[in-house]
Amino acid sequence: PPQVVARRDENHRVVLETVAPSNRFAWKHHSKRGAIPNQHAQAKIHYTLDGQLPTAASPVYTQALDLPDGGRIRTRTIVDQELGPLADLHLGISGKGLKIARVSSQHSARYSADKAIDGDPGTFWHTSRAKGHPSHPHQLSINLGRTIRLAGLSYLPRQDRRVADGMIETGTVEISLDGTSWTLMGAFNFGNLLNDPTKRTFLFDRGIAARYLRISSRKGVRNNPFAGAAEIGILAATKN
């Protein structure tokens, strides 16, 4: 059974999808033979939102899920009673209403700060490369559009290629209710980003109400002077 992945659609709802097989990794499969049939395209996707393991008795995914505060989705496909691989997904809040409050540097409109919260991992924010460009620390502040109890954040570095430019290795996270008075929530260290540019998560030691979140970079991978992000996810604390 195929793997399940999640994304948000144009209405910020959560869509669960199966990953189709690829000709690229097929054993002795030649492209002229056409695409590999996806025998599990109609596989049922089962999911839970309470942290329990999904089974055949769990809800079956039929339409996009309205999860404005994100949350934890555990999901897998089941085909003829055979369990597919478990996907344990921690989703941030909806990008609807998120705005960049302030950014210390951005290279151009193509690499503007809003690319870090646009929901598209193929775009990214990057600090200025111009002559005399600033070095660390760089800062990015996000207006959440509402006050919400936060649990932390996720950080996805640029996904276009494995280069150190813009990958933030160490930094700090602060939160605020008014965008003026800030509370330090801790420091992060995202190691091995160059070899493994997958999403990293930084969790607070407690849930805390905030309307603004600020990331300050302290060091880039290989001491690179730039900062950037493909996506910054805002993780809400559970209601209990």
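Provided above is the structure to which this section pertains.
Since the model is a prediction, treat every value here as computed from it, not as a measurement. (Residues numbered from 1 in each chain as written. Predicted model: local features only at pLDDT ≥ 70, side-chain atom pairs only at ≥ 80, totals over all residues. Heavy atoms only, no water.)

Novice: Looking at this structure, how should I read the overall build of the chain?
Specialist: Looking only at helices and strands, the chain features zero helices and 14 strands. By principal-axis analysis of the C-alpha atoms, the chain measures approximately 55 × 45 × 30 Å. The contacts of the chain with a sequence gap of at least 6 include a subset with a gap of at least 24, amounting to 65%. Put simply, the chain shows about 13,300 Å² of open surface, and 48% of that area lies on carbon and sulfur atoms. Averaging the locations of the 32 positively and 20 negatively charged side chains of the chain gives two centres separated by 5 Å. (Helix = DSSP H or I, 4+ residues; strand = E, 2+ residues; numbered from the N terminus. Contact = heavy atoms within 4.5 Å. Areas by Shrake-Rupley, 256 points an atom, 1.4 Å probe, with all protein chains shown as cover. Lys, Arg positive; Asp, Glu negative; His and termini not counted. Charge placed at Lys NZ, Arg CZ, Asp CG, Glu CD.)

Novice: What exactly am I supposed to notice about the side chain of T172 here?
Specialist: Its place among the elements puts T172 in strand 10 (residues 168-176). The exposure class of T172 is buried, given its relative accessible area of 13%. Excluding residues within four positions of it along the chain, T172 makes contact with L184, G186, A187, F188, R214, I215, S216 and R218. (Buried < 20%, exposed > 50% of the residue type's maximum accessible area, 1.4 Å probe, protein only.)

Novice: What exactly am I supposed to notice about the pattern of salt bridges here?
Specialist: A pair can form between side chains of opposite charge whenever their charged atoms are brought close. Across all of its chains, the model carries twelve salt bridges by this definition. R158 is the salt-bridge partner of D160, the closest N and O atoms lying 2.9 Å from each other. In this structure, a network of salt bridges that share partners links the residues R72, R74 and D88. (Salt bridge = Lys/Arg side-chain N within 4 Å of Asp/Glu carboxyl O.)

Novice: Can you walk me through unusual backbone geometry in this structure?
Specialist: Omega for the peptide link from H136 to P137 comes to 5°, which places this bond in the cis form. Tracing the backbone shows P137 in the loop between strand 8 (125-126) and strand 9 (139-156). At D80, a position not held by glycine, the phi torsion is positive, near 50°. As for its position among the elements, D80 is in the loop between strand 4 (71-79) and strand 5 (82-83).

Novice: Would you mind going over the nonpolar core with me for this structure?
Specialist: Considering soluble globular proteins, one finds that nonpolar side chains tend to be buried as a cluster. Judged by nonpolar contacts, the single largest core of 34 residues is most densely connected at W125, L150, I175, F204, L213, I232 and I234. Mapped onto this core, the elements with two or more residues apiece are strand 9, strand 10, strand 11 (183-189), strand 12 (200-220) and strand 14 (231-236). The biggest single contributor to this core is strand 9, with seven residues. Residues V14, V15, Y47 and L91 belong to the second largest nonpolar core, which totals 13 residues. (Core = buried A, V, L, I, M, F, W, Y, C linked by side-chain atoms within 4.5 Å.)

In short, geometric facts, not functional conclusions.
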